[in-house]
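In case you want the letters, here they are:
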Amino acid sequence: MTSEAIATVEAYFEALGTRDMERILPHFAPDATWTIPGDPALTPWAGHRSGPEEIRQSLAAFFAAVEPLAFELRSLVETDGQVLVPGRYTSRFHPSGQVLESEMILRFTIADGLITDYRVFEDSLGITRSYLGAPLTPGPA
């Protein structure tokens with residue numbers, strides 16, 4: 001049986017896949033927080049946001065700059081009122097055209113069927129370099 005928290009996150013992902021703000025934003029509480037690592041001066045969707053209008057701005061910047069090529073979620077895990085979602089993605093960043101493959105963990109806090117906090121843990125340096133068209137540094141050999 002799926003918990004309400006996991007069902008909320010699954011519904012959010014379904015809406016996110018449409019890139020339709022009117023389907024996405026109702027999944028967030030009015031005072032929800034949204035945190036994506038990085039410097040918003042370099043990657044406009046990054047930083048800490050609060051409330052639907054700021055979340056809308058972050059999503060709009062993300063949709064304009066990021067073309068998803070692959071997106072794989074692993075098992076959603078609920079613990080202590082939070083849902084953790086590990087996964088991988090491959091994205092093309094515009095205007096550079098660079099492609100980045102990376103792992104991530106998403107953390108959602110859910111209350112009363114709404115997302116109250118969303119945090120991303122990912123390779124923010126790799127994303128910034130890809131977005132800006134800077135060379136990616138090779139990983140360990």
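Structure: see above.
Attention in this report is confined to the structure presented alongside it. (Residues numbered from 1 in each chain as written. Predicted model: local features only at pLDDT ≥ 70, side-chain atom pairs only at ≥ 80, totals over all residues. Heavy atoms only, no water.)

1. Observations regarding the pattern of salt bridges
Two side chains that carry opposite charge are able to pair once their charged atoms sit near each other.
Right, on to step 1. Across all of its chains, the model carries eight salt bridges by this definition.
Right, on to step 2. Between R74 and E72 there is a salt bridge, with the nearest N and O atoms lying 3.9 Å from each other.
Right, on to step 3. Residue classification places R74 among the partly exposed positions, given a relative accessible area of 35%.
Right, on to step 4. A salt bridge links D117 to R107; the shortest N-O distance between them is 3.7 Å. Taken together, the residues span a long stretch of sequence, with D117 in strand β7 (residues 114-122) and R107 in strand β6 (residues 99-111) at a distance of ten residues.
Right, on to step 5. According to the relative accessible area criterion, D117 is buried, its value standing at 8%. (Salt bridge = Lys/Arg side-chain N within 4 Å of Asp/Glu carboxyl O. Buried < 20%, exposed > 50% of the residue type's maximum accessible area, 1.4 Å probe, protein only. Helix = DSSP H or I, 4+ residues; strand = E, 2+ residues; numbered from the N terminus.)

2. Brief notes about the side chain of T35
Right, on to step 1. Within the fold, T35 resides in strand β1 (residues 28-36).
Right, on to step 2. Assessed through its relative accessible area of 17%, T35 is described here as buried.
Right, on to step 3. The contact partners of T35, leaving out residues within four places of it in the chain, are G47, H48, Y118, R119 and V120. (Contact = heavy atoms within 4.5 Å.)

3. Some points on the pairing of β7
Right, on to step 1. As defined by bridge partners, β1 adjoins β7 across four bridges and the pair is classed as parallel. The residue of β7 that forms the bridge with T33 is D117.
Right, on to step 2. Where β6 lies against β7, eight bridges are found, and the strand directions are antiparallel. In the strand pairing of β7, R107 is matched with R119. (Pairing = 2+ DSSP bridges.)

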